[in-house]
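Results of the structural survey
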Amino acid sequence: MAIVEFKDVSRVYRNGDHEQRALDHVNLSLEEGKFIVVLGPSGAGKSTLLNMLGGLDNPTEGTIVVNGKDISTLTPNELAEYRAASVGFVFQSYNLISHQTVLSNVELALTLSGVSADERRSRAVKALEQVGLGDQINKRPAEMSGGQVQRVAIARAMANDPSIILADEPTGALDTKTSDKVMEIFKHLNTEMGKTIVLI
């Protein structure tokens, strides 16, 4: 069953008379529970595609349907709800808050969703345990290796139990051995937990 459908989607950026077409009439269907890797050179529109699927950007033309809902027509508030409930983001740059603990960083995603304090802690600890960091919850990002920090970012993405995890070059800043360990986590999320993963 298709969980995501791009129907004739284009994204055009305009600056004065200059026009940059990041995506050009893309048609795409992603089945639930699949692990999709999007490859291409810099500037090919990979991150644009990911941002539109995540509700961070809107298509200039076409429609994007996720779980039967056309997200390209949602209001800003509805898009925020969609992101909080359905999508987990993992970025190359981690985007963690340096002065907060690992636990607080993971809880943040749940705070924005209105989850109670006790439930936030329970879910955050569980997510950190799933990525092998259950004994590191009181550390701060600066006290951890790059691979550990990226695992915190994955735990944060998982905390709301999203149906789709979007990963934008999540191993780009890591060495090969650490990258392999991070990819194993994504494989586990896909094969053992049934998450749909789109990885750039």
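First, a word on what this report is: a plain description of the structure on this page. Given the structure is predicted, the values throughout are model-derived calculations rather than measurements.

What about the overall build of the chain?
- Counting its secondary structure elements, the chain contains six helices and eight strands.
- N-terminal to C-terminal, the α/β element order of the chain is β-β-β-α-β-β-α-β-α-α-α-β-α-β.
- In summary, the chain has a C-alpha radius of gyration of 17 Å against a globular reference of 16 Å for 200 residues, a match within 12%.
- For the chain, the C-alpha atoms occupy an extent of roughly 50 × 35 × 35 Å along the three principal directions.
- Per-residue burial for the chain yields a buried fraction of 45% across its 200 residues.
- Taking contacts inside the chain between residues at least 6 apart in sequence as the whole, the part at least 24 apart equals 69%.
- On the chain, roughly 10200 Å² of surface is accessible, and the fraction owed to carbon and sulfur atoms is 46%.
- For the chain, the distance from the average site of its 20 positive side-chain charges to the average site of its 25 negative ones is 5 Å.

Concerning the sheet that holds strand β5 (residues 69-70)
- The four strands are arranged β2-β1-β4-β5 in an open sheet whose pairing can be described as antiparallel. Here the strands that pair on one side only, and so sit at the sheet edges, are β2 (18-31) and β5.
- Strand direction decides the pairing type here: strand β4 (residues 61-66) and β5, joined by two bridges, are antiparallel. When the sheet's bridge partners are listed, V65 is paired in β5 with D70.
- Across the face of the sheet, helix α1 (residues 46-53) comes into contact with β1 (2-15), β2 and β4 while running at roughly 120 degrees to β1.

As for empty space enclosed by the protein
- By the definition in use, this model includes one cavity of 30 Å³ or more.
- If you add up the space inside the largest cavity, you get close to 30 Å³.
- Lining the largest cavity we find L50, N51, F89, V90, F91, L166, A167 and D168.
- Those elements that provide at least two residues to the lining of the largest cavity are α1, β6 (87-91) and β7 (164-168).
- Its residues assigned to classes, the lining of the largest cavity comprises six nonpolar, one polar and one charged.

Quick word on the packing of helix α3 (residues 102-111) against helix α5 (residues 146-158)
- Between α3 and α5, whose axes approach to 8 Å, the crossing angle comes to 30 degrees. For the element pair α3 / α5, the angle class is roughly parallel. Judged by the twist between their axes, the crossing of α3 over α5 is right-handed. For the pair α3 and α5, contact is made by V102, N105, V106 and A109 and by V152, A155 and R156, respectively.
- When its residues are assigned to classes, the contact of α3 with α5 shows five nonpolar, one polar and one charged.

Digging into the sheet that holds strand β3 (residues 35-37)
- Spatial strand order, β3-β8-β7-β6: four strands in an open sheet with parallel pairing. At either margin of the open sheet sits one strand with a lone partner, and together these are β3 and β6. When strand polarity is set aside, the average angle formed by the axes of neighbouring strands in this sheet is 15 degrees.
- Sheet topology places β6 next to β7; five bridges connect them, and they run parallel. Residue F91 lies in a different strand from β7, and its bridge partner there is D168.
- Sheet strands touched by α1: β6, β7 and β8 (196-199). Its angle to β7, the strand with the most contacts, is close to 150 degrees.

Re α1
- Buried residues dominate α1, accounting for six of its eight residues.
- Taken as a whole, α1 has its buried residues at K46, T48, L49, L50, M52 and L53.
- Looking at the residues trailing α1, positive phi occurs at G55, about 75 degrees.

About the cut-offs
- Residues numbered from 1 in each chain as written.
- Predicted model: local features only at pLDDT ≥ 70, side-chain atom pairs only at ≥ 80, totals over all residues.
- Heavy atoms only, no water.
- Helix = DSSP H or I, 4+ residues; strand = E, 2+ residues; numbered from the N terminus.
- Rg over C-alpha atoms; globule rule 2.2 N^0.38 Å.
- Buried < 20%, exposed > 50% of the residue type's maximum accessible area, 1.4 Å probe, protein only.
- Contact = heavy atoms within 4.5 Å.
- Areas by Shrake-Rupley, 256 points an atom, 1.4 Å probe, with all protein chains shown as cover.
- Lys, Arg positive; Asp, Glu negative; His and termini not counted.
- Charge placed at Lys NZ, Arg CZ, Asp CG, Glu CD.
- Pairing = 2+ DSSP bridges.
- Axes fitted to C-alpha atoms, helices over the stretch in contact; angles between N-to-C directions.
- 1 Å grid on protein atoms, 1.4 Å probe; cavity = no way out; pocket = protein on both sides within 12 Å on 5 of 7 lines; lining within 4 Å.
- Points joined across faces, edges and corners; volume = space filled by probe spheres on them.
- Nonpolar A, V, L, I, M, F, W, Y, C, P; charged D, E, K, R; others polar.
- Parallel < 35°, antiparallel > 145°, perpendicular 65-115°, else oblique.
- Left-handed = near helix turned anticlockwise from the far one by under 90°.

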